[in-house]
Amino acid sequence: MIIVDNALKAREQQGKPIRVGMVGAGFMGQGLTNQITHSVPGMRMAAIYNRRPERAQHVYRYSGLDNIVMAGSQAQLDQAVRQGQPVVAEDPFLMCRSSEIDVILDVTGSVEFGARVILDAFKHGKPVVLMNAEVDATIGPILQVYARGHKVIMSACEGDEPGLQMNLFRWVKGLGLIPRVIGNVKGLQDPYRNPTTQQGWAERWRQNAAMVTSFADGSKISFEQSIVANATGFKVRSRGMSRGLKYDGSIMDIHRLYDLDEVRALGGIVDYTVGPAGVKIFCLAEHPDPKQRHYLSLYKMGEGPLYPFWVPYHLVHFEAPNAIARVVLFGDNVAPPLGGPVVEVCAVAKRDLAAGEVLDEYGMYTTYGEAVNADEMSAMRLLPEGLVEGCKLKRSIPKDQVLTYDDVELPKGRIADSLRAEQYRHFRGESWLEEHIAGTQGVLGAPAATYA
């Protein structure tokens, strides 16, 4: 990281810090603003948008910044940023269109809103860094097509698990080993948790109850692992990745959970486990050279054939500035997909659902998300968890049943639906989702081409 450190110091000395425009001012945005303000020379949080402007103001004040400018016009925002004043944008697109902003950081967790902001950023030549696993997992591959078309970068974030896992994956490959399993470790797994059950924990840590629920019910980790799958070509063994296999043993023996022949046949797998303690992410890899296996045994890495490598923590907002710097200064993408989706996240009924109900968003009361291989997702026309909000059920759905597009009426005019249909056509040559949207809504929805 010395290259990044030196480049940031040079920007600081030149008086040209990286100017970040952040969309979303929740718990992570608050910590990140404080981190950039006090610990990252050569970078500053230049402008923030949040649906509740007072929350964006709070984030600045939490970080010790005052003289905050409320910008309702492009001229106001641009002038305030030039003068070095912290800005709260009344419209996120002001940041996308500003020549005074170097990069857009999406911390919203929203798929539909995130897609609109991201495409507008691309249109105005802005790179985007995502702390929004939901949009990346749902329509990230097709958004990458748009990014390349505009010659900009859309990148996942360091600190968040996908970036952390990809850094470990590349490091292990650099040692000459062949990664076979990439795992994410949780402390809790219960698909039926909801904001009511998680309220106390959320209040204790001053977090959003819905976001906390998405951690507990497995949705968030499924989004995260699909990003890693798309960046490596690895698959899941089964829908839901066994819903987080509980493992209380040593990390040195975690390879016993996996059959190497099965893993090889799939080309590698992504997974998550509940435990072991003291591990946040892990990578299991084999070495083709028996001479090197002898050395790995000497270095107390076990007898193989799968050797464990792991990281005991993820520090999210502490590490996020590294991704911002990599993108802006070096054009380096943290976790780009290899092509189209390999793993996606389907919606599953969290309880018995009645015909006519309108589904709430992920991390709420009606659904949870499970990772599934893209071939199965498409063949079964499964509804993505990232786009459940606002869908109206045509029929009753029993608890734990997977939802399909045929089970719901989609909200009209969503850009994310159009992008998802385009994603299937672009990467898989399939038109069924386009035809479904056109057949049920009369049009394909908001045409993504208008943002090109």
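In case you missed it, the structure is sitting above this.
Residues numbered from 1 in each chain as written. Predicted model: local features only at pLDDT ≥ 70, side-chain atom pairs only at ≥ 80, totals over all residues. Heavy atoms only, no water.

**Observations concerning the layout of surface pockets**
Thought 1: Empty space within the second largest pocket amounts to approximately 160 Å³.
Thought 2: Lining the second largest pocket are 14 residues, with T37, R44, M45, L65 and G84 positioned closest to its centre.
Thought 3: Elements represented by at least two residues in the lining of the second largest pocket include exactly α2 (27–39) and β2 (43–49).
Thought 4: Top contributing element to the lining of the second largest pocket by residue count: β2, with three residues.
Thought 5: Classifying every residue of the lining of the second largest pocket by side-chain character gives eight nonpolar, four polar and two charged. (1 Å grid on protein atoms, 1.4 Å probe; cavity = no way out; pocket = protein on both sides within 12 Å on 5 of 7 lines; lining within 4 Å. Points joined across faces, edges and corners; volume = space filled by probe spheres on them. Helix = DSSP H or I, 4+ residues; strand = E, 2+ residues; numbered from the N terminus. Nonpolar A, V, L, I, M, F, W, Y, C, P; charged D, E, K, R; others polar.)

**Focus on helix α16 (residues 415–428)**
In an α-helix there are 3.6 residues to a turn, and that puts residues three or four apart on one side.
Thought 1: An ideal rise of 1.5 Å per residue puts 20 Å on 14 residues; α16 measures up with 20 Å between its terminal C-alpha atoms.
Thought 2: For α16, a buried count of ten out of 14 residues is recorded, marking the element as mostly surrounded by other parts of the structure.
Thought 3: Among all positions in α16, only I415, A416, D417, S418, L419, R420, A421, E422, Q423 and Y424 are buried.
Thought 4: Trailing α16 by a residue or two, G429 shows a phi angle of about 70 degrees, which is positive. (Expected span 1.5 Å × (residues − 1). Buried < 20%, exposed > 50% of the residue type's maximum accessible area, 1.4 Å probe, protein only.)

**A short note on the pairing of strand β14 (residues 367–373)**
Along a regular strand, successive side chains alternate from one face of the sheet to the other.
Thought 1: Within β14, seven of the seven residues are buried, which leaves it mostly tucked inside the rest of the structure.
Thought 2: With burial as the criterion, each face of β14 is covered, one bearing T367, G369, A371 and N373 and the other bearing Y368, E370 and V372.

**Structural notes on the sheet that holds strand β11 (residues 281–286)**
Thought 1: An order of β9-β10-β8-β11-β12 is seen for the five strands of this open sheet, with the pairing classed as mixed. Single-partner strands in this sheet number two, and they are β9 (245–246) and β12 (307–311).
Thought 2: Bridge count between strand β8 (residues 178–186) and strand β10 (residues 269–274): six bridges; the pairing is parallel. If you follow K186 over to β10, its bridge partner there is V274.
Thought 3: Strands β8 and β10 of the sheet are contacted by helix α11 (residues 219–232), whose axis makes an angle of about 165 degrees with β8. (Pairing = 2+ DSSP bridges. Contact = heavy atoms within 4.5 Å. Axes fitted to C-alpha atoms, helices over the stretch in contact; angles between N-to-C directions.)

**Focus: the packing of aromatic side chains**
Thought 1: Counted under the stated rule, the structure contains nine aromatic pairs.
Thought 2: For the ring pair W201 and W205, a centre distance of 6.1 Å and an interplane angle of 45 degrees mean the geometry is tilted.
Thought 3: W201 gets classed as partly exposed once you look at its relative accessible area, which sits at 42%.
Thought 4: On the basis of an interplanar angle of 70 degrees and a centroid distance of 5.6 Å, the ring pair of Y405 and W432 is categorised as edge-to-face. Residue Y405 is found in the loop between β15 (392–393) and β16 (408–409), and its partner W432 is found in helix α17 (residues 432–441); the two are separated by 27 residues along the sequence. With respect to class, Y405 is no different from W432; both count as buried. (Phe/Tyr/Trp six-rings, centres within 6.5 Å; stacked < 30°, edge-to-face > 60°.)

Without other data, these values stay purely geometric and don't point to any function.
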